[in-house]
Amino acid sequence: MSARDPAVMRFAIINVVRILGVVGVLLGILTTTGRIFSGAPQIVGFAFLSFGVMGAFVLPPVLVRKWRTPK
């Protein structure tokens, strides 16, 4: 039996991080507008929004650079 390719798991992790980031952005928008968690302060929505943007746009390139195959 051959060993599993670590690139497959890394690819899956990067995509899950992106998807969760988009979900965080959507939660932040919905919380800020008061459609969900209507009793929560608006800062909670901005926190979801900022963490979602980091998860969707900042974290995947960081992971790609960390896991890049050396030349």
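All values derive from a computational prediction rather than experimental measurement.

A.B. asks: Summarise the packing of aromatic side chains; cite the residues concerned and give the values.
C.D. replies: Remark: the centre distance and the inter-plane angle together describe each pair of aromatic rings, the angle taken between the planes. Scanning all chains against the criterion turns up one aromatic pair. When the ring of Phe 37 is compared with that of Phe 48, the centres are 6.4 Å apart and the planes differ by 25°; the resulting orientation is stacked. A residue pair is termed long-range when its members are at least 10 positions apart, and Phe 37 in the loop between helix 1 (6–33) and helix 2 (42–67) and Phe 48 in helix 2 qualify at 11 residues. Taking relative accessible area as the criterion, Phe 48 reaches 31% and is therefore assigned partly exposed.

A.B. asks: Account for the packing of helix 1 against helix 2, naming residues and giving values.
C.D. replies: Where helix 1 contacts helix 2, the two axes come as close as 7 Å, and the packing angle between them is 165°. Relative to helix 2, the element helix 1 is oriented roughly antiparallel. Note on packing geometry: the crossing formed by helix 1 with helix 2 is left-handed. Residue classes in the contact of helix 1 with helix 2 are distributed as 18 nonpolar, nine polar and two charged.

A.B. asks: Which residues make up helix 1, and what are the values?
C.D. replies: Across its 28 residues, helix 1 extends 41 Å between first and last C-alpha, which sits within 8% of the 40 Å expected from 1.5 Å per residue. Looking at helix 1, one finds that the buried residues are Ile 14, Val 17, Gly 21, Gly 24, Val 25, Gly 28 and Thr 31. Contacts made by the buried residues of helix 1 are with helix 2. Gly 34, located one to two residues past helix 1, shows a positive phi value of around 85°.

A.B. asks: Pulling in residues and values, what's your account of the side chain of Thr 31?
C.D. replies: If you trace the backbone, Thr 31 turns up in helix 1. Apart from the residues within four sequence positions on either side, Thr 31 is in contact with Ile 36, Phe 37, Val 44, Gly 45 and Phe 48.

A.B. asks: If you had to explain helix 2 to someone new, which residues and values would you point to?
C.D. replies: For helix 2, spanning 26 residues, the distance from its first C-alpha to its last is 36 Å, which sits close to the expected 38 Å at 1.5 Å a residue. Remark: the principal bend of helix 2, roughly 40°, maps to Val 58, with a proline, Pro 60, within the next four residues. Considered for burial, the residues of helix 2 that qualify are Gly 45, Gly 52, Gly 55, Ala 56, Pro 60 and Leu 63. Buried-residue contacts for helix 2 involve helix 1.

About the criteria used
The residue numbering used here restarts from 1 in each chain and proceeds along that chain's sequence as written. Selection of residues for local features in this predicted model requires a pLDDT of at least 70, selection of side-chain atom pairs for listing and counting requires 80 or more, and totals for whole chains, interfaces and linings are taken over all residues. To get the side-chain values, all heavy atoms of the structure are used, and hydrogens and water are removed first. Pairing of aromatic side chains requires ring centres within 6.5 Å, counting the rings of Phe and Tyr and the six-membered ring of Trp. Pairs whose planes differ by under 30 degrees are stacked, by over 60 edge-to-face, and all others tilted. Counting from the N terminus, the helices are the DSSP runs of H or I reaching at least four residues and the strands are the DSSP runs of E reaching at least two. Each residue gets one of three labels from its accessible area relative to the maximum for its type: buried under 20%, exposed over 50%, partly exposed in between, using a 1.4 Å probe on protein chains only. Inter-axis angles, ranging from 0 to 180 degrees, are taken between N-to-C directions of lines fitted to C-alpha atoms, where helices are fitted over the stretch in contact. Relative orientations are named as follows: roughly parallel for angles under 35 degrees, roughly antiparallel for angles over 145 degrees, roughly perpendicular for angles from 65 to 115 degrees, and oblique for any other angle. Crossing handedness is defined as follows: a turn of the near helix away from the far one that is anticlockwise and smaller than a right angle gives a left-handed crossing, while the clockwise case is right-handed. Classes in brief: Ala, Val, Leu, Ile, Met, Phe, Trp, Tyr, Cys and Pro nonpolar; Asp, Glu, Lys and Arg charged; the others, Gly included, polar. An expected span of 1.5 Å times one less than the residue number is assigned to each helix. Only heavy atoms enter the contact rule, under which two residues are in contact if any of them lie within 4.5 Å. Note that the bend at a residue is defined as the angle between axes fitted to the seven residues ending at it and the seven residues starting at it.

Taken by themselves, the reported measurements are silent on function.
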